[in-house]
Structures are given as structure tokens and as C-alpha cells.
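# Overview (structure and organization)
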Amino acid sequence: MGQREDMLALIRAAYAARGDGDVEGLVSAFHPEGAFTLMGDKSALELTGSMQGHPTLREAFGQLIAGFGFEGREILAELVDGDRVAVHSRVVVRYHPTGKTFSTEILDLFRFQDGKIAELIEFADTAQIKAMIA
């Protein structure tokens, strides 16, 4: 039970850091060789793809936070199985260059190693994101 609660607490802390625009707080939740993947077709949306390791994550998260603010997150479901966690949430996103906001749902799949996020695969509505930045 403790490991489950520790993983969920770290995820909530990472989400809070993301919402606060705290790049370092977000990166610190990841294993030093941790990876983040925003799923989608890179030819359709440049933001998609994978990045690994704290320096790369720091740069990528900095760019994502500069472009997109998360103004609210409602966790709809959390599923834990061993070292893996799935979180379904609804977020209010603000695209900073235009100030436009939209509500969307995201599915995050986490894998943990040594008490840190080793992998995060995020499924978001990339068509909605593309429309927002077009």
C-alpha cells in the first residue's frame, strides 16, 4: 500500500509543479534517465515525440510550460499495477501566445523506477492542440 501511495503522491506533486510552471519541480519527479513521450504524429504536430534525461526534459518542459499553462486539473481515474500507474484527467489549458483556453482530457501512463518516474507516455488531443496553435 505504501508504494502505491508514494507513486500517486509523486504524480500529484509533478502535476502541481506543472500547474505552477515549476520546471525544476517537474523534472525532479523524474529518474535521471527518465523519459517523456507526447504521443502523436510529429509531421502533424511538432510538439510530439520522446525526450530522455534531465537536461532534455528540462528544456522540453520549459518550452511546453512557456507555451501552455495548465490552469486546472481534475483527476478522473487512477489505476495502479505494480510499478505502473495510469491517470485519466481533465485539464484546462491556456495557450499563452493568444490567451485562449480549452478543456481537454489526457491519459498519462507512468512507469516507476527507484521511487521516481522512469517513463511517462502522455496521450492528449493533438488535433485540438494543433488547432489552438494554428
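## Here's the deal with the sheet that holds strand 6 (residues 116–123)
- Taken in spatial order, the 6 strands line up as 2-1-6-5-4-3 in an open sheet, and their pairing is mixed. In this open sheet, the two strands that pair with only one neighbour each are strand 2 (49–52) and strand 3 (68–81). Adjacent strand axes in the sheet meet at a mean angle of 20° when their direction is disregarded.
- The sheet strands contacting helix 3 (residues 54–67) are strand 1 (30–38), strand 2, strand 3 and strand 4 (84–95), and the helix crosses strand 1 at an angle near 45°.

## Concerning the pattern of salt bridges
- Under the defined criterion, the tally for this structure stands at 8 salt bridges.
- As a salt-bridge pair, Arg12 and Glu78 come within 3.2 Å of each other at their nearest N and O atoms. Pair noted here: Arg12 is in helix 1 (residues 2–20) and Glu78 is in strand 3, with a separation of 66 residues, a long-range link.
- The class of Glu78 is partly exposed, set by a relative accessible area of 24%.
- Of the charged contacts in the structure, one is a salt bridge between Glu74 and Arg90, with a shortest N-O distance of 2.9 Å. Taken together, the residues Glu74 in strand 3 and Arg90 in strand 4 connect sequence positions 16 residues apart.
- Owing to a relative accessible area of 32%, Arg90 belongs among the partly exposed residues under this scheme.
- Each of Glu74, Arg90 and Glu105 takes part in one network of salt bridges that share partners.

Quick notes on the rules
- Residues numbered from 1 in each chain as written.
- Predicted model: local features only at pLDDT ≥ 70, side-chain atom pairs only at ≥ 80, totals over all residues.
- Heavy atoms only, no water.
- Pairing = 2+ DSSP bridges.
- Helix = DSSP H or I, 4+ residues; strand = E, 2+ residues; numbered from the N terminus.
- Axes fitted to C-alpha atoms, helices over the stretch in contact; angles between N-to-C directions.
- Contact = heavy atoms within 4.5 Å.
- Salt bridge = Lys/Arg side-chain N within 4 Å of Asp/Glu carboxyl O.
- Buried < 20%, exposed > 50% of the residue type's maximum accessible area, 1.4 Å probe, protein only.

Everything listed here is a matter of coordinates, which is why it stays silent on function.
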